[in-house]
Amino acid sequence: MSQRETWATRAGFILAAVGSAVGLGNIWQFPFKTSAYGGATFLVVYLAAALGIGLPAMLAEFVIGRQSNLNAIGAFERLGHRNWKWVGVLGVGTGFWILSYYSVVGGWVLRYIGGSLTGAYFAGPASYFGSVSAGLDALVLHAVFMLLVVAIVAGGVEDGIERATKLMVPSIVVILGALAVWVFTLSGASPGYVYFLSPDLSQLSLSVSFDPFPSFSGPLTNVIPFAVSQAFFSLSLGMGAMITYASYVGEDQSLFGDSITVVVLNSAVGVLAGLVVIPLLFVQGVEPGSGGAGALFISLATAFAELPAGRLVGAVFFAVVLIAALSSAISLLEVVTSYVVDTYGARRPRVAAVLGGLIFLLGTPSAWDTAWLTWFDTLAYQLLLPLSVLGVLLFVGWVYGRPAVEELLSGSSLGQGVGATWLWLARTVVILAVLLTLWLGVQTLFLDGAVVPPV
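All values reported here derive from a predicted model rather than from experimental measurement.

A. Inspection of the overall build of the protein chain at higher detail. Secondary structure assignment for the protein chain yields 20 helices and 2 strands. Among the 455 residues that make up the protein chain, the fraction classed as buried is 57%. In the protein chain, once contacts between residues fewer than 6 apart in sequence are set aside, the share between residues at least 24 apart is 83%.

B. Just the confidence of the model for the protein chain, in detail. Averaged over all residues, the pLDDT of the protein chain equals 83, while 87% of them reach at least 70. At the level of individual helices and strands, the protein chain shows its lowest average pLDDT in helix α1 (residues 10-21), which scores 57, and its highest in helix α16 (residues 364-368), which scores 96.

C. Main features of the nonpolar core. Ranked by size, the top nonpolar core spans 147 residues in total, and within it Phe-297, Phe-317, Phe-318 and Trp-422 carry the most contacts. Per-element tally for this core: the top contributor is helix α14 (residues 310-344), with 18 residues.

D. Molecular detail of the environment of Leu-296. Within the element layout of this structure, Leu-296 appears in helix α13 (residues 295-306). Overall, Leu-296 belongs to the buried group, its relative accessible area being 4%. Residues Leu-296 and Pro-31 lie 265 residues apart in sequence; the distance between their C-alpha atoms is 8.0 Å. Those residues in contact with Leu-296 that sit more than four places away from it in its chain are Ile-27, Trp-28, Val-277 and Ala-301.

E. Layout of the packing of helix α2 (residues 24-36) against helix α17 (residues 370-400). Across the interface, α2 lies against α17 with an axial gap of 14 Å and an inter-helix angle of 80°. Considered as vectors, α2 and α17 are oriented roughly perpendicular to each other. Listed contacts from α17 to Trp-28, Gln-29 and Lys-33 of α2 are Leu-373, Asp-377 and Tyr-381. By residue class, the composition of the contact of α2 with α17 is 3 nonpolar, 1 polar and 2 charged.

F. The arrangement of the environment of Leu-237 in detail. Relative to the elements of secondary structure, Leu-237 occurs in the loop between α10 (220-234) and α11 (241-246). Given the relative accessible area of 0%, Leu-237 is considered buried. Separated by 179 residues in sequence, Leu-237 and Met-58 place their C-alpha atoms 6.7 Å apart. Not counting residues within four places of it along the chain, the set of residues in contact with Leu-237 comprises Gly-54, Ala-57, Met-58, Glu-61, Phe-232, Met-242, Leu-385 and Val-389.

G. Spotlight on the packing of aromatic side chains. Counted by the stated rule, this structure contains 32 aromatic pairs. Sitting over the face of the ring of Trp-398, Arg-427 holds its NZ or CZ atom 4.7 Å from the ring centroid. The ring of Trp-424 has Arg-427 sitting right over it, with the charged end atom 4.3 Å from the ring centre.

H. Examining the packing of α10 against α17 more closely. Running from N to C, α10 and α17 point in directions that differ by 60°, and their axes come no closer than 9 Å. For the element pair α10 / α17, the angle class is oblique. Crossing of α10 against α17: the hand is left-handed. On α17, the residues that touch Pro-225, Phe-226, Ser-229, Gln-230, Phe-232 and Phe-233 of α10 are Tyr-381, Gln-382, Leu-385, Pro-386 and Val-389.

I. Focus on the pattern of salt bridges. What the rule picks out here adds up to 6 salt bridges. Glu-407 is paired through a salt bridge with Arg-66; the nearest N and O atoms lie 2.6 Å apart. In this pair, Glu-407 is assigned in helix α18 (residues 402-409) and Arg-66 in helix α3 (residues 40-68), connecting sequence segments 341 residues apart. Across the pair Arg-348 and Glu-334 runs a salt bridge, and its minimum N-O distance is 2.6 Å. Of the two residues, Arg-348 is situated in helix α15 (residues 348-362) and Glu-334 in helix α14; the sequence distance between them amounts to 14 residues. Note on Arg-348: relative accessible area 11%, which makes it buried.

J. Main features of unusual backbone geometry. Not every positive phi belongs to a glycine, and Asn-69 is a case in point at roughly 55°. Positionally, Asn-69 belongs in the loop between α3 and α4 (74-78). Here Ser-236, not a glycine, exhibits a phi torsion of approximately 60°, which is positive. Locating Ser-236 in the fold gives a position in the loop between α10 and α11.

K. Structural context of a nonpolar patch on the surface. A cluster of nonpolar side chains, namely Leu-136, Val-140, Val-144, Leu-148 and Trp-368, defines an oily patch on the protein surface of about 470 Å² accessible area. Of all the elements, helix α7 (residues 136-154) adds the most residues to the nonpolar patch, at 4 residues. Relative to the helices and strands, Val-144 resides in helix α7.

L. Focus on α7. Under the 1.5 Å per step criterion, the end-to-end length of α7 is 27 Å for 19 residues, consistent within 8% with the ideal 27 Å. Listing the buried residues of α7 in full gives Ala-138, Leu-139, Leu-141, His-142, Phe-145, Met-146, Val-149, Val-150, Ile-152 and Val-153.

M. Broad picture of helix α6 (residues 125-132). Among the residues making up α6, those that are buried are Pro-125, Tyr-128, Phe-129 and Val-132. For α6, the angular spread of buried residues about the axis comes to 100°, placing them on one side. In this fold, the buried residues of α6 make contact with α5 (85-118), α7 and α13.

N. The arrangement of the environment of Ala-301 in detail. Positionally, Ala-301 belongs in helix α13. Judged by relative accessible area, which is 0%, Ala-301 ranks as buried. Filtering out sequence-adjacent residues up to four positions away, Ala-301 remains in contact with Tyr-112, Tyr-121, Pro-125 and Leu-296.

O. How the structure looks around the side chain of Ser-133. Secondary-structure assignment places Ser-133 in the loop between α6 and α7. A polar atom in the side chain of Ser-133 sits 2.8 Å from the backbone oxygen of Phe-129.

Cut-off values and rules
Residues numbered from 1 in each chain as written. Predicted model: local features only at pLDDT ≥ 70, side-chain atom pairs only at ≥ 80, totals over all residues. Heavy atoms only, no water. Helix = DSSP H or I, 4+ residues; strand = E, 2+ residues; numbered from the N terminus. Buried < 20%, exposed > 50% of the residue type's maximum accessible area, 1.4 Å probe, protein only. Contact = heavy atoms within 4.5 Å. pLDDT = per-residue confidence, 0-100. Core = buried A, V, L, I, M, F, W, Y, C linked by side-chain atoms within 4.5 Å. Axes fitted to C-alpha atoms, helices over the stretch in contact; angles between N-to-C directions. Parallel < 35°, antiparallel > 145°, perpendicular 65-115°, else oblique. Nonpolar A, V, L, I, M, F, W, Y, C, P; charged D, E, K, R; others polar. Phe/Tyr/Trp six-rings, centres within 6.5 Å; stacked < 30°, edge-to-face > 60°. Lys NZ or Arg CZ within 6 Å of the ring centre and 35° of its normal. Left-handed = near helix turned anticlockwise from the far one by under 90°. Salt bridge = Lys/Arg side-chain N within 4 Å of Asp/Glu carboxyl O. Patch = residues over 30% accessible without salt bridge, like charges linked within 9 Å, V, L, I, M, F, W, Y side chains within 5 Å. Areas by Shrake-Rupley, 256 points an atom, 1.4 Å probe, with all protein chains shown as cover. Expected span 1.5 Å × (residues − 1). Arc of directions from axis to C-beta. Polar contact = N/O pair within 3.5 Å; in protein donor to acceptor, adjacent residues only side chain to side chain.

Set out below in structure tokens:
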């Protein structure tokens, strides 16, 4: 078996973890879902979920990864609990599933960089998106995006992933910040800030009835599953990514400090993306939540077409989105690549190429028809992600227990009280919150028929 790699620096690990978290989930999904599910109401639930659920869950994944020093599947066996390998398999499968359609959206981004520079979408943004978002054009760009991801992962941990994310993550923050300042100067942006930052407290309610099974109603019924799963998605939880990345971490690093850094930076980038995208939607008079998966592309294309220096601004914005998309995509491919390399000692470049090809094939329906992409995304958000996170929390909270606390405290100056508090929160309050999210997602899936693929 080949010698296992490690991060060259602590900063490299943090930036890679942040890069995994900061991606299309922040820039494509977060603004769209915020506008579709109540604006500031969604933001409040999302931030509460990121800190109250995402942080403890990330610590659980970090503990599994570093303690085992192995991939997301093999970790459970090395920790002496082979029967719990299904949690790792589910996480790897979820990441595989998400990357298949995520790559399609990455292909859209590539197209829009060129479309911005040439002004190709200026005459008709909606028709342009319809022509490039599905069919042969989308399939080819899906392949190009996956080739970029494979090339980075094939380079390894230090030379490929760490080197790439050290450039990507700071670039995302700087360019998004500049765009946010620019948007603030636009006439008509004020209602967007109100919608995004001023929550309606009357919408923060949820009621339950038993007939005989629990049934939930109220404004938060649809918000909770999407907001909580958005926290999972944007933090790369439930996909095996954080277990895999933490497996390359040394014992002298503070997992608690690193996880707080990742959660705070990720949430900040999500809010920053919202401060760019949502006011721009209002500048153009776009109704919140309209337009489906292409709403971001169509509405922003409209804005760039009508605003001064639109071609340059559009190209810069979509370049940022591409950087973010790559930083997350490489983490998802690394999860399954790490498993094959660890288990079979296979050569990394060959493994990355084969797996990238399989993911491309799985994403073919999403590239051919956006209805498939929406179905893949809905299933991931409302079922796969919360189910996978639940498995991790059940294992750490109720099976692994005390060794998890010891691993958490290793490399930090935290006292036993902090570790015990985290463990009890993870095994009670956090698990109950994830169960609620999962139940609401299942309720919505089956009531709306979204579980049925668009055949």
